[in-house]
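# Notes for the structure review
Here is how the chains run, residue by residue.
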Amino acid sequence: MIYSKIALSTVLLLLMALTCTGQIFDRELRDQKERTQKEFLKFITEIGSKITDSTLTKEQQNALFNPIVAYAHKEHADLTRLRKKYFKKIQAPPSVLNTFIFDSEPPAELSKMLGTPQFTTVTLLQCYRPLEIGRLISGIIQPVIYQQSNTGTNESTIAYIFGNQVFAKQLKEDIWQIWLVNRLYMLRFNLDLQTMVIHNSEYTLPNKAEYLRLQFPFVIQKTANELEKIYQEMDEIRWNSYLSTGIKQVSPQDWQDTIDKRLSAFYLKNQLRFIKVQNEILKDIEKGNDLDANWQELHLSSDENIQLTQTLKNNMLQPDEAAQQLFSFSNSIIPFNQDIEEIGKNAMSGFLHYIVGHEKDQVWKIRSVGYSIAFEYTWDLKQGRFSEIKIFKRQS
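Being a predicted model, the structure only gives us computed values, none of them experimental.

Calculation notes
- Residues numbered from 1 in each chain as written.
- Predicted model: local features only at pLDDT ≥ 70, side-chain atom pairs only at ≥ 80, totals over all residues.
- Heavy atoms only, no water.
- Helix = DSSP H or I, 4+ residues; strand = E, 2+ residues; numbered from the N terminus.
- Buried < 20%, exposed > 50% of the residue type's maximum accessible area, 1.4 Å probe, protein only.
- Pairing = 2+ DSSP bridges.
- Axes fitted to C-alpha atoms, helices over the stretch in contact; angles between N-to-C directions.
- Contact = heavy atoms within 4.5 Å.
- Domains from an automatic or database assignment.
- Buried area = accessible area lost by both parts, 1.4 Å probe.
- Salt bridge = Lys/Arg side-chain N within 4 Å of Asp/Glu carboxyl O.
- Polar contact = N/O pair within 3.5 Å; in protein donor to acceptor, adjacent residues only side chain to side chain.
- Nonpolar A, V, L, I, M, F, W, Y, C, P; charged D, E, K, R; others polar.

## Points about unusual backbone geometry
Of note, the phi angle at Met196 is positive, near 65°, even though the residue is not glycine. Here Met196 lies in the loop between β3 (186–192) and β4 (198–203). Look at Met196 and you get buried, because its relative accessible area is 5%.

## Examining the sheet that holds β4
Paired through backbone hydrogen bonds, the strands of a sheet run either parallel or antiparallel to each other. With antiparallel pairing, the four strands of this open sheet are ordered in space as β1-β2-β3-β4. Edge positions in the sheet fall to β1 (165–170) and β4, since each has one partner strand and no second. For this sheet, the mean inter-axis angle between neighbouring strands, taken without regard to orientation, is 15°. Each of β1, β2 (175–181), β3 and β4 is contacted by helix α8 (residues 130–149), which is oriented at about 130° to β3, the strand it contacts most.

## A closer look at the domain arrangement of the protein
By the assigned domains, the protein splits into domain 1 (8–273) and domain 2 (285–394). Each of domain 1 and domain 2 has a C-alpha centre, and the two are 24 Å apart. The partner domain 2 presents 27 residues to the 31 residues of domain 1 that form the contact. Both faces considered, domain 1 and domain 2 share a buried interface measuring about 2,700 Å² in area, 62% of it formed by carbon and sulfur atoms. At the junction of domain 1 with domain 2, the criterion picks out two salt bridges. Linking domain 1 with domain 2 are six residue pairs in polar contact (both at pLDDT 80 or more), by the criterion used here. Elements with a contribution of two residues or more to the side of domain 1 that touches domain 2: α1 (2–17), α2 (27–47), α12 (226–241) and α13 (252–269). When residues of the side of domain 1 that touches domain 2 are assigned to their parent elements, the largest contribution, eight residues, is made by α2. Across the side of domain 1 that touches domain 2, the residue classes break down as 17 nonpolar, ten polar and four charged.

So this is what it looks like as structure tokens:
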């Protein structure tokens, strides 16, 4: 049962970390994501503390998820059609990768869990594109990979900081093989788009000499809209920074600082492109009302306010990214870092975004609301700057 416990906490946190809005952006994808997030928020609110009740039997715990599984079945046709649209346009893995031997696989208990329809249906419900699915499954398996290879703390951040590339090839009508590659290792697994179960997971252990010598280049994928194109260009910057950062000479913070500087320079060079996409996304977001009396603003120290302001970067494209970064920041401070179960519920529900003020041209006031935490900020697109950032906590 150890993998069930590890995977639950991992998956809850990973669900928030996946952004997937995608003409300028994909409205069909955005609408589906919003419907699903509303359903998750309703679901998490209704079951409350039961989701982490250790006194429940395995059957009772499984039964808790029946409503969200029923929603997935109701939406199955639309979800499958949307996923197939993205799978059909992604590139297959370059032939050079096929020469490598995948020498390890997850422990049997973890593989069994990934092959359980209820688990994968719920876990992958908010994932639509191969990139999102690959990242999430990698996040679940990654701790095992690092443990097997005794990967150090600094090395373990390489995959996160420099990013991943994902490829997929069709094996049968609804069976796809997904490949995820990063600067440390490769992972591949089979996905059944009808049942969303995962089979035949295997990976290379980190830092295999023949893999590192390959210095695998960034592969440009065909994109359907401007939002995806900008994201891909930023991913390319992250990937290519690995070769010029001096991995062994400097710390992970220095790696991140180098990438942040390059992304900021990219933003300044392409600011008009960013503003066009940002405006199109924001003007499509639902208008919201004031938070009710159950929500209380959290007042931060001066140091925390400085850190909070530095959390939001000028190269962000949509509220999901801002909510993700603010959520990550909040998990490092009291009172939010005291309850891992509360963090998990917010991660699983995700955030719904609302426009609560359009003060003047290209200045927007936005609120992102989760299970028990909410954020509010003003976003000046022309200046590329966030201000008046507030954090709210829902009272029990």
